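This is what each chain is made of:
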Amino acid sequence: MTLSQPVRYSADLEEIKPDEQEVISDLNETFDVILNRTAEDYGHAVRSVHAKSHGILDGSLTVADGLSPEFAQGLFAAPGSYKVYLRLSTNAGDILPDAISLPRGLAMKVVGVEGDRIEGAEGSTQDFVMVNGPVFQTADAKKFQGNLKMLAKTTDRMEGTKKVLSSVLQTVNSALETVGIESSVVQSMGGAPNIDPLGETYFSVTPFRYGDYVAKFRLKPVSQGLVELTGREIDTSVSDNAIRETVQAEMRDTAGEWLLQVQLCRDLEKQPVEDPTVEWKEEEAPFTTVATVKAAPQDSWSDENVRKVDDEMRFSVWTGLAAHRPLGNINRARKDTYEHSSQFRAAFNRCPMHEPRD
Ligand code: HEM
């Protein structure tokens, strides 16, 4: 099949809705309930979603040599190597026992990146925030907020526990069923229970500016040690933190290697910018490797990295280069909400967030 030419980036690819600021305020209000509740329970503030971390890794990202001009854009414009931090998580806003099965997240911070920044982006880092499925569960932030709000109300009344209030996406399945939507979308997000996060492929789900073009990203395991873990179930009956303990044992002698791949938008109908419930099909928009990420065997739960990354760092798609500006309604809603959650953590824990330097 001959591929269409990639769509060129322009600001008018985005369609901004009149009520977006209002939705963002509502989201922050709902997140406040979660943030306050969990901080009160733990005596320590945690992220309002993806609160539980299964591992923190130090590694490196190397941009591929000889990329063709359409892929040699932004961070990937020239060959080079960078330090990275990776944080593996599960998407509830609560620190839950691992026996509760949930989709996984992977956040990556690339350190020492030069170039024009997105307005307001601190430091010199480029963040990637991904989950282990190719689509998001709602087309826009308003629908996401609708579910979140309903969830907060009804589940609190029914079950009356912190678990329900703070588990934003954890119970999204039942939330969707309550409003009559099949949970297949959530299943397709990789909802399979207790799969080893080291073997998973992670997707940006939402699109980004890719220099002159528009792209989605994914991070795919390729080293034998990681590929062997793909789909492997972890026995979570042995410990509430079985996933973290398994990852720690595995990373002691596993050399992790992933491919960072890019999928260029080639047709705005088939690969829409504003709706991340639509998967960009590989046949029509294939993935191309633009960098390799490596993590040597290490302690994936060291006190130092847990403090530095889990507590004192924030990952946001809005921290990075103007050349990789987040696009679409869901991404626009993430700017203030991520900032809000991390500011709450910083204030409650009396420790400012840090952007690491090279
Ligand atoms: C309207 C949509 C969304 C909202 C309101 C939202 C909100 C948030 C917030 C408030 C945080 C915590 C930030 C912090 O305290 O540092 C967070 C973290 C996270 N979100 Fe989202 N999010 C949205 C969409 C998405 C999407 C589409 C993805 C999939 C790629 C995603 C994946 C993650 C992950 C992996 C983390 C954890 C990051 C880390 O390790 O620090 N979110 N989200």
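Every chain begins its residue count from 1, and numbering advances along the sequence as written. This being a predicted model, a pLDDT of at least 70 is required before a residue's local features are given, and a value of 80 or more before pairs of side-chain atoms are given or counted; all residues contribute to the totals for chains, interfaces and linings. Here the side-chain values reflect all heavy atoms present in the structure, with hydrogen atoms and water set aside.

Attention shifts here to the environment of Leu3. In DSSP terms, a helix is any run of H or I states spanning at least four residues, a strand is any run of E spanning at least two, and both are numbered starting from the N terminus. Relative to the assigned elements, Leu3 resides in the segment before α1 (20-42). Here's how the labels work: a residue is buried when its accessible area is under 20% of the maximum for its type, exposed when over 50%, partly exposed in between, all with a 1.4 Å probe on protein chains only. Judged by its relative accessible area of 34%, Leu3 is partly exposed. In this structure the C-alpha to C-alpha distance between Leu3 and Glu284, which are 281 residues apart in sequence, comes to 6.9 Å. What Leu3 contacts, discounting residues up to four positions off in sequence, is Arg266, Glu283, Glu284 and Pro286. Any pair of residues with heavy atoms lying within 4.5 Å of one another is described as a contacting pair.

Geometry sets the ideal angles at a metal, namely 109.5 degrees for four tetrahedral donors and 90 or 180 degrees for six octahedral donors. Of all protein atoms, Tyr338 (OH) alone acts as a donor to the iron atom of the ligand, lying 2.0 Å away. Its place among the elements puts Tyr338 in helix α9 (residues 329-348). Counted as coordinating are nitrogen, oxygen and sulfur atoms within 2.8 Å of the metal, or 3.2 Å for Na, K and Ca, while water is not included, which may make sites look incomplete.

With that settled, the discussion passes to the confidence of the model for the protein. Averaged over the protein, the pLDDT score is 89; the fraction of residues at 70 or greater is 88%. A residue's pLDDT is the predictor's confidence in that residue, given on a scale from 0 to 100. Note on residues 154-171: pLDDT under 50 across the span, and 47 contacts to partners over four residues away in sequence or across chains. Confidence drops under a pLDDT of 50 for residues 173-191, and excluding neighbours within four residues, the segment shows 31 contacts in the predicted structure.

Let's shift gears to the site of the ligand. Neighbouring the ligand are 24 residues, the closest being Arg47, Arg87, Tyr338, Ser341 and Arg345. Polar contact is the term for a pair of N or O atoms within 3.5 Å; when the atoms are in protein, one must be able to donate a hydrogen and the other to accept it, and sequence-neighboring residues count only if both atoms are side-chain atoms. The contact in question runs from a nitrogen atom of the ligand to an N or O atom on the side chain of Tyr338, over 2.7 Å. Arg345 is positioned such that a nitrogen or oxygen atom in its side chain is 2.6 Å from an oxygen atom of the ligand. Going through the elements one at a time, β3 (104-111), β4 (125-131) and α9 are the ones with two or more residues in the shell around the ligand. Ranked by residues supplied to the shell around the ligand, first place goes to α9 with eight residues. All residues other than Ala, Val, Leu, Ile, Met, Phe, Trp, Tyr, Cys, Pro, Asp, Glu, Lys and Arg, Gly among them, are scored as polar; the first ten of these are nonpolar and the last four charged. Of the residues contributing to the shell around the ligand, the split by class is 13 nonpolar, seven polar and four charged. Proximity criterion: a residue is near a molecule or strand once any of its heavy atoms comes within 4 Å of it.

With that settled, consider unusual backbone geometry. The backbone of Val205 sits at a positive phi, close to 70°, despite the residue not being glycine. By the element assignment, Val205 lies in the loop between β5 (202-203) and β6 (208-210). For Arg350, which is not glycine, the phi torsion reads 50° and is therefore positive. Mapped onto the secondary structure, Arg350 falls in the segment after α9.

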